[in-house]
Structures are given as C-alpha cells and as structure tokens.
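Tertiary structure, described
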Amino acid sequence: MLKGKTIVIGVSGGIAVYKMCDVVSRLKKLNANVHVIMTKSATEFVSPLTFQSLSMNPVVVDMFEKIQKWDIEHISLAKSADLFLVSPATANIIGKIVNGIADDMLSTTVMATKAPVIIAPAMNTNMYNNPIVQNNITKLKEFGYNFIDPEQGRLACGDLGIGKLANVTTIIESITNTLINNKPLDEKKILITAGPTREPLDPVRFMTNYSSGKMGYAIAEAAAMQGAEVTLISGPVNIPKPSNIKKYIPIKTATEMFEAVKENLSQQDIVIKTAAVADYRPKIYENQKIKKSDGDINLTLTRNTDILKWIGMHKNPQQYIVGFAAETNDVMENGIKKLHNKNVDLIIVNDITSVNAGFESDTNCVTLIDKNGLKQNHAVMPKKELAYVILDYITKQISK
Ligand code: PMT
C-alpha cells in the first residue's frame, strides 16, 4: 500500500521509543521505505541496531563525530521524505522545532523537509499540560504541522493522566491517511455489509454469531477515506459507525440484509460482503415467549437466501464482487469452493481458529484468492490496516 513512499522517522528520547519498533516493522510490511533518525537520548532506550534491522536502512544518530556528514545526510533525507514523523516527540524536540533551533540531526532534518510532518508527543502529564508546551504545540499547528494527540493512562513516572504515546495503530492510520491523499477510489460506489444477523425465535430470543463488525467497519471507513461513496449495511454491533460514509442501513435479520442489498446493488461498482450472515433461521417465529418445560424441545430451521450467491448471479460484468470466508477446517479448499460457487471476483479467507484472527479480534490474518487462482497471504495485522491492504488490491484489479 505504501510502496514507493519514503517515511523518515525522528525518534527522540523517552520510554515510548520501544513502541516505534512496531511502527517501523508495520510500515515495512506495508512496503514503505523507512529511515530512522535517533537523538542520542533515544539510543539509551533502544539500540540503533534494532531500528536498522527493522527498517533495513542505516540509522542516523546525533553524534558529533558524524558532524561532517550532516550537511549531506540531513538534506538528502529531508528531500527524500514523503512524510516525516517525529515520535515519540519530547517537550525538548517540540520546543526546538517551534523556535527554529537546528542543533542536531533530527531538528536539522525536520527543519529542512518540505514533506508533511506529523508529531506524536509523549511526556509526563504536567509537562504536557504546561502552558509553554501547549503554546508550542498550538504554534506548530498554526505553521501546518500535524499532531497525533497522546493518550490518557499510567505513565512511566507512575503518574496517571495524559501523555502516553498514541497507540501504534493510530500512528499508522495517521501516516496512511496523510499519504493516501490521491483518493484512489474517488467516485467509486462501494457497498459493504458488516456485522452479524439476528434470527428471532420469539420476542426475547434470537440466533446470531460473534461478528463484531470491526472488519467491515474498518473497510468502510478506509474506503470512504480513499474517496469512495460508501453504503454500509450493518447488523447490530456495538462499535461506532464510521462518520465519513455516505449511507448507513441498519438491519437485523438476513432477510432484511437481502432486501437492502437488492435495493442498492445496481448502483454499485464494488461490493464487499464482510457480514457473517446466518445461513438458517427458525422456521417458526413464536409471537409469545416460549415457555420452558421439563423435556427437550426441537427447533426446525429453514434456509436463508445466500445473498452473496444471489449477487454473483445478478451482478453486471463491470461490478467487482468480494466475499469473505470464515473457515475452521480445510480453509483454502473451502475458500476456493466459495469463490467458484458464489461467482465472486475475490474471496478473502480467514482461518478463524488462528490466534488474533476472525471474529471480534482487532486483528486478522487472511489469504486473498482471486478468480484466476492467484493467492496473496497476509500475516496478522490490525483490521484497520488490513482494510487498506484489501482496498489497495481491489483498486489495482479494477484499474487493469
Ligand atoms: O465482524 P468481525 O468480528 O470483525 O469479524 C470479521 C469476520 C470474521 C466476520 C469476517 O472477516 C468474515 O470472515 N466474514 C464472513 C463470515 C461468514 O459468514 O463467512 P461464510 O463462509 O459463512 O460466508 C461466505 C460469504 O457469503 C460471506 O461473504 C458472507 O457475507 C456471504 N453470505 C453467507 C451466507 C448467506 N446467507 N449470505 C451471504 O451473503
């Protein structure tokens, strides 16, 4: 997704430096070219060798013996950056940048860059709330620098309050959102289904599954971020609806989802069916609460329409259709069967028995299989990042 993008990361000293190892590693997985500049104090927390191994690029550290190279390096790194991230940013580096003090490699390079700069502060609560620091942040914002606010929590000093470095996923999202400003899905209409369905049995009971909606909502939000006009049809979930989508249709049952899909399908360029739709519903809905008795009771279930299969039969040739397959066994075989049975362009297979994958988890681990049999495996990553990876794949396919 970030292929061809160069991200320069300035790491200043603080306990949160260790989190940047994960940031660098995830950016590499998204194919970015990453360069790390460390202040001397940052090297007290994590060795430059760690960042060098993760970024696969030499790490520049502020040391006087390298002073002869600064001129060359700070200009070339500053020029090559598509984005400059300062994280964790101490009160010290923020103070230097706002006052134009360029006395080390990081402050010099950040001053020389024309790339967008994102600053993620991390420091003690009292320092962060200090009016001088707040004033510096306000001034930098006025100059056009972007900030990722720190979070509340227990800080390294033992205090509780604001000052914790933002979480890694928030940092990655902020980078991708800043870099993906060319809106590759501009004017595309995308229908996404997400979450579970509920199949009622009586006024107080229903059959459902564990889908949280996280995967589908992440795709909906990322697609809208990339310029798409998103219609999200969602089963009942407990997560906030993405604020940037065009149309939101809440449904409860598979039948309601089917009706909403039929009504909206013809206008769409792309359909992504992330929802976990119940294959069956109770054949009889009891208008009154079913009373318990001493013995067992038998439930008869009847088939719901396979919505994705119906779409596969009724789509027009220009529409690109994506299904998900949640599998527990013979994962690839079953995924491929669904790809063909449902006549979709792409099936995204998740082995829901894997750790940190599938239902409810914030992360997922999938294999993309297209109708020509091409497979692309993806290691475990946050659903919010995977959403961009999936959309990137689809964008490339539809622009062929
Ligand atoms: O919501 P989360 O907690 O984030 O979890 C994400 C997820 C695990 C639900 C998601 O990644 C996923 O795998 N979704 C598909 C789940 C599923 O129901 O898979 P399936 O193999 O039963 O169905 C295959 C495809 O057919 C799916 O695209 C499904 O939407 C569609 N289908 C299934 C049955 C049906 N009656 N109609 C359908 O359209």
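Further up the page is the structure itself.
Now for a description of the structure that goes with this document.

Conventions and cut-offs
- Going along each chain's sequence as written, the residues are numbered from 1 onward.
- With pLDDT at 70 or above as the cut-off, local features in this predicted model cover only qualifying residues; side-chain atom pairs require 80 or more to be listed or tallied, and sums for whole chains, interfaces and linings still use all residues.
- The basis for every side-chain value is the complete set of heavy atoms in the structure, and neither hydrogens nor water enter the calculation.
- Whenever a carboxyl oxygen of Asp or Glu lies within 4 Å of a side-chain nitrogen of Lys or Arg, that contact is scored as a salt bridge.
- Put simply, DSSP marks the helices as runs of H or I at least four residues long and the strands as runs of E at least two long, and each gets a number from the N terminus on.
- Residue exposure (1.4 Å probe, protein chains only): buried if accessible area is under 20% of the type maximum, exposed if over 50%, otherwise partly exposed.
- Here a residue is near a molecule or strand as soon as one of its heavy atoms is found within 4 Å of it.
- As used in this structure description, the phrase polar contact means that two N or O atoms lie within 3.5 Å; if the pair is within protein, one of them must be able to donate a hydrogen and the other to accept it, and residues adjacent in sequence are counted only when both atoms belong to side chains.
- One requirement defines pairing of two strands: DSSP has to find at least two bridges between them.
- All axes here are fitted lines through C-alpha atoms, helices being fitted over the stretch that makes contact, and every angle between N-to-C directions spans 0 to 180 degrees.
- We call two residues in contact when some of their heavy atoms are within 4.5 Å.
- The span you would expect from a helix comes to 1.5 Å times its residue count less one.
- In this text, buried Ala, Val, Leu, Ile, Met, Phe, Trp, Tyr and Cys residues form a nonpolar core when linked through side-chain atoms within 4.5 Å.
- Here the bounds of each domain stem from an automatic or database domain assignment.
- Each patch is built from residues lacking any salt bridge and having more than 30% relative accessible area; the joining distance is 9 Å for like charges and 5 Å for nonpolar side chains (Val, Leu, Ile, Met, Phe, Trp, Tyr).
- Working definition of accessibility: Shrake-Rupley area with a 1.4 Å probe, residue cover restricted to the visible protein chains.

Let's talk about the pattern of salt bridges
- Tallied over the entire structure, the rule returns 14 salt bridges.
- Between D362 and K214 there is a salt bridge whose closest N-O contact spans 3.0 Å. Here the residue D362 occupies a position in the loop between β18 (346-351) and β19 (363-364), and K214 occupies one in helix α9 (residues 214-225), the gap between them amounting to 148 residues.
- For D362, a relative accessible area of 54% translates into the label exposed.
- We classify K214 as partly exposed; its relative accessible area is 25%.
- Between K338 and E327 there is a salt bridge, with its nearest N and O atoms 2.6 Å apart. Of the two residues, K338 is situated in helix α12 (residues 331-341) and E327 in strand β17 (residues 320-327); the sequence distance between them amounts to 11 residues.
- Given a relative accessible area of 27%, K338 falls into the partly exposed group.
- A relative accessible area of 6% places E327 in the buried class.
- One salt-bridge network, held together by shared partners, links D22, R26 and E385.

A closer look at the site of the ligand
- The environment of the ligand is made up of 28 residues, and the closest members are S211, S212, K273, A275 and K338.
- Taking M215, its main chain carries an N or O atom lying 2.8 Å from an oxygen atom of the ligand.
- In this structure, T305 approaches the ligand through a main-chain N or O atom, which is 3.0 Å from a nitrogen atom.
- Mapped onto the shell around the ligand, the elements with two or more residues apiece are α9, α11 (307-314) and β17.

Brief notes about the sheet that holds β17
- Strand order in the open sheet made by the eight strands is β13-β12-β9-β14-β17-β18-β20-β21, with mixed pairing throughout. With partners counted over all chains shown, the strands left at the sheet margins are β13 (247-250) and β21 (375-377), one partner each. Each strand axis lies, on average, 15° off the axis of its neighbour in the sheet, ignoring direction.
- As judged from the six bridges shared by strand β9 (residues 189-194) and strand β12 (residues 229-234), these two strands associate in the parallel manner. Bridging across to β12, I190 finds its partner in V230.

Concerning the environment of A81
- Its place among the elements puts A81 in the loop between α3 (67-80) and β4 (83-89).
- A relative accessible area of 10% means that A81 is categorised as buried.
- Ignoring sequence-local partners within four residues, the contact set of A81 consists of T6, V8, T113 and A115.

Some details on α9
- In this model α9 runs 16 Å from its N-terminal to its C-terminal C-alpha over 12 residues, within 8% of the 16 Å that 1.5 Å per residue would give.
- Those residues of α9 that sit buried are M215, G216, Y217, A218, I219, A220, A222, A223 and A224.
- One or two positions beyond α9, positive phi appears at G227, with a value near 100°.

Considerations on the pairing of β12
- With five of six residues buried, β12 is to be regarded as a mostly interior element.
- Where β12 meets β13, four bridges bridge the pair, whose relative direction is parallel. The residue bridging I233 from the neighbouring strand is I249, located in β13.

Re the sheet that holds strand β3 (residues 60-61)
- Reading across the sheet, the six strands line up as β3-β2-β1-β4-β5-β6 and stay open at both edges, with parallel pairing between neighbours. Single-partner strands in this sheet number two, and they are β3 and β6 (146-147).
- Sheet contacts for helix α1 (residues 19-29): β1 (6-11), β2 (33-38) and β4; angle to β1, the most-contacted strand, approximately 175°.
- This element, helix α8 (residues 168-179), spans β1, β4 and β5 (117-121) of the sheet and lies at about 160° to β4.

Brief notes about the pairing of β1
- Within β1, six of the six residues are buried, which leaves it mostly tucked inside the rest of the structure.
- Side chains of β1 alternate between two faces, with T6, V8 and G10 and I7, I9 and V11 buried alike.
- As defined by bridge partners, β1 adjoins β2 across six bridges and the pair is classed as parallel. Bridge assignment links V11 to a residue of β2, and that residue is M38.
- Relative to β4, β1 runs parallel, the two being bridged by four bridges. Paired with V8 across the strands is F84, a residue of β4.

A few points about the nonpolar core
- Residues I9, L27, F51 and I272 are the most contacted members of the largest nonpolar core, which totals 71 residues.
- Two domains each provide a minimum of three residues to this core, namely domain 1 (6-179) and domain 2 (189-289 + 298-398).
- What L27 contacts, discounting residues up to four positions off in sequence, is L2, I7, I9, A32, V34, I172 and I175.
- In this structure, A89, L106, I119 and V133 belong to the second largest nonpolar core, which totals 26 residues.

Let's talk about a nonpolar patch on the surface
- A surface patch of nonpolar side chains, amounting to about 330 Å² of accessible area, comprises I15, Y18 and F45.
- Mapped onto the secondary structure, I15 falls in the loop between β1 and α1.
- A residue is classified by how much of its surface remains accessible, and I15, at 51% relative accessible area, is exposed.

Distances and angles like these do not, on their own, reveal function.
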